[in-house]
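Fold and contact review
Below are the chains, spelled out letter by letter.
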There are 2 protein chains.
Amino acid sequence: MRHSQQYVVGLVFYPGMTALDIIGPQTVFSALPGIQIHRIWKTLDPIQTDDGMRIIPDTTFDNCPPLDIICIGGGLAQSAVVDDPEILAFLRQQGSMAKFVTSVCGGSEFLARAGLLQGYRSATHWMFREQLAAAGVQVSTERVVIDRDRMSGGGVTAGIDFGLELAKVLYGEETAKMIQLLIEYDPAPPFDVGSPEKAGADLVNKAMLYAAEALNLKVK
Amino acid sequence: MRHSQQYVVGLVFYPGMTALDIIGPQTVFSALPGIQIHRIWKTLDPIQTDDGMRIIPDTTFDNCPPLDIICIGGGLAQSAVVDDPEILAFLRQQGSMAKFVTSVCGGSEFLARAGLLQGYRSATHWMFREQLAAAGVQVSTERVVIDRDRMSGGGVTAGIDFGLELAKVLYGEETAKMIQLLIEYDPAPPFDVGSPEKAGADLVNKAMLYAAEALNLKVK
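Reading guide: rules and limits
Residues numbered from 1 in each chain as written. Chains lettered and ligands numbered in written order. Predicted model: local features only at pLDDT ≥ 70, side-chain atom pairs only at ≥ 80, totals over all residues. Heavy atoms only, no water. Helix = DSSP H or I, 4+ residues; strand = E, 2+ residues; numbered from the N terminus. Rg over C-alpha atoms; globule rule 2.2 N^0.38 Å. Buried < 20%, exposed > 50% of the residue type's maximum accessible area, 1.4 Å probe, protein only. Contact = heavy atoms within 4.5 Å. Areas by Shrake-Rupley, 256 points an atom, 1.4 Å probe, with all protein chains shown as cover. Lys, Arg positive; Asp, Glu negative; His and termini not counted. Charge placed at Lys NZ, Arg CZ, Asp CG, Glu CD. Least-squares fit on C-alpha atoms with pLDDT ≥ 70 in both. Pairing = 2+ DSSP bridges. Salt bridge = Lys/Arg side-chain N within 4 Å of Asp/Glu carboxyl O. Buried area = accessible area lost by both parts, 1.4 Å probe. Polar contact = N/O pair within 3.5 Å; in protein donor to acceptor, adjacent residues only side chain to side chain.

When you go through chain A residue by residue, the secondary structure sums to 8 helices and 11 strands. The C-alpha atoms of chain A give a radius of gyration of 17 Å, which matches the 17 Å a tight globule of 220 residues would have. Projecting the C-alpha coordinates of chain A onto the three principal axes gives extents of approximately 50 × 40 × 35 Å. Within the span of chain A, comprising 220 residues, buried residues form 61% of the whole. The long-range share in chain A, meaning contacts at least 24 apart out of those at least 6 apart in sequence, stands at 64%. Surface summary for chain A: the accessible area is close to 8,100 Å², and the carbon and sulfur share equals 51%. For chain A, the distance from the average site of its 18 positive side-chain charges to the average site of its 25 negative ones is 1 Å.

For the match of chain A to chain B, the screw axis carries a shift of 0.0 Å, the RMSD comes to 0.0 Å, and the turn is 180°. What the rotation and shift describe, once combined, is the action of a two-fold rotation axis. Distance from the rotation axis, computed per C-alpha, reaches its smallest value in chain A at A:Ile55: 2.2 Å. Most of the interface of chain A is mirrored in chain B, where 100% of its interface residues again form contacts.

Attention now goes to the sheet that holds strand S3 (residues 47-48) of chain B. Strand order across the open sheet formed by 4 strands is S3(A)-S4(A)-S4(B)-S3(B), with antiparallel pairing between neighbours. Every other strand in the sheet has two partners, leaving strand S3 (47-48) of chain A together with S3 of chain B as the edge strands with one partner each. Pairing of S3(A) with strand S4 (residues 54-56) of chain A, which is carried by 2 bridges, proceeds in the antiparallel orientation. Bridged to A:Ile47 within S4(A) is A:Ile55.

What follows concerns the pattern of salt bridges. Under the defined criterion, the tally for this structure stands at 32 salt bridges over all chains. Close ionic contact of B:Asp186 with A:Lys198 constitutes a salt bridge, the shortest N to O distance being 2.7 Å. On the criterion of chain membership, the pair formed by B:Asp186 in the loop between helix H6 (173-182) and helix H7 (196-199) and A:Lys198 in helix H7 (residues 196-199) is interchain, its members lying in two chains. In this structure, a network of salt bridges that share partners links the residues A:Lys42, A:Asp84 and A:Glu86.

To continue, consider the interface of chain A and chain B. Across the boundary between the two partners, chain A contributes 70 residues, which contact 70 residues of chain B. For the pair chain A and chain B, the summed buried surface comes to about 6,200 Å²; carbon and sulfur atoms form 62% of the total. Together, A:Leu181, A:Glu184 and A:Tyr210 form the three largest contributors to the area buried by chain A at its contact with chain B, with a combined 14%. At the junction of chain A and chain B, the tally comes to 4 salt bridges. Residues A:Glu174 and B:Lys206 are paired through a salt bridge, measuring 2.9 Å at the closest nitrogen-oxygen approach. Taken together, chain A and chain B are joined by 34 residue pairs in polar contact (both at pLDDT 80 or more). Within the residue set of the side of chain A that touches chain B, elements represented by two or more residues are helix H1 (19-30), S4, helix H5 (158-171), helix H6 (173-182), H7 and helix H8 (201-219) of chain A. The leading source of residues in the side of chain A that touches chain B is H6(A), at 10 residues.

What follows concerns the pairing of strand S10 (residues 144-147) of chain B. Here is the key point about a regular strand: its side chains alternate between the two faces of the sheet. All names here are of chain B. Looking at chain direction, S10 and strand S11 (residues 150-153) are connected through 4 bridges and run antiparallel. Directly across from Ile 146, in S11, lies its bridge partner Met 151. Counting the residues in the hairpin turn of S10 and S11 gives 2 residues, including Arg 148, whose phi is positive at 50°.

Here it is, written out as structure tokens:
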């Protein structure tokens, strides 16, 4: 199968990011024909994700070519870099030219701070909804949101749904379906508690306390 | 929330593995209290996953402590290493002591070749079912399979379901539910074609041709 289109995809990496936010869509993108993927950070030094794994970026902000699709995810330590002027300048610069400006999970917060989401609808991790709304973004509780040239996924695992939806937009249904089958995406979650609406107030409160403690442990 | 139990988890990394196979469960495991995660390979040199990303292992076969849980995933280039005697010896050695010997996707093939799955039921990626059955394993089409001290997930994205099921076994329902909510695992696949049974013969054939071509491109 040949596809005449060539897309240049940029995934922004940073210390303390949640690997799965970005590895979900990366898995889908890397299965698409004619895709060039860049894993981008300030330097080519390894970054550590919030689950303790070290990944080596392959592209820097300075040597990154113009991107058709730019994507940034969230992370337990994103608050440490969410106002970083170099990151925000890079997002603004690439975002002004990209075909799609995208995020997964708390990555929406970076786009909002770069001024790229004002007046747009966006998904985000459920814990970031209020914060994102306060930044002037029309926050949606949908799992994947497309609003003109902005695309976003909800928390962490939503990156897989996001990636497949983007594959559908760029390459059509048949290719997206093949990739869904190849990554055997026929989910069978053990419980029906994957969103705050389904989980209920009691579990939401426990999860927030648990996350606060985990965050504290990671920061130490 | 304190948990008295401490588990040592070993994730086997290798060149050409599919990152998502292992990052799915790693995301779940890293959110559990009292877990120590090792990313293991022959050396501490970076390995490149089959989507082109470079990851740095933090533990070698030689310096790895005894593992409570050992897990190996599949990958587009797994055939290049699936008979590697060092990998198989490591799996055998650790597998003889571990509380759970586990795999995601084509990782089941490594366990079978190490002699760790004969007489057991196991899930695998749908493309590996016949091959695994030929190795004397009772292949299941379930997404996650628990058979005594063996646990396995189906293809690629099944690693998330697998991770949550293992979290339930080790830490109980409430903790597993909190983590499912924290990683917002409320999947919304764009199509209902995530298994060969659901996809139908036509899409399965197309996907197999597509994968064969992708494999060829990766191998070059």
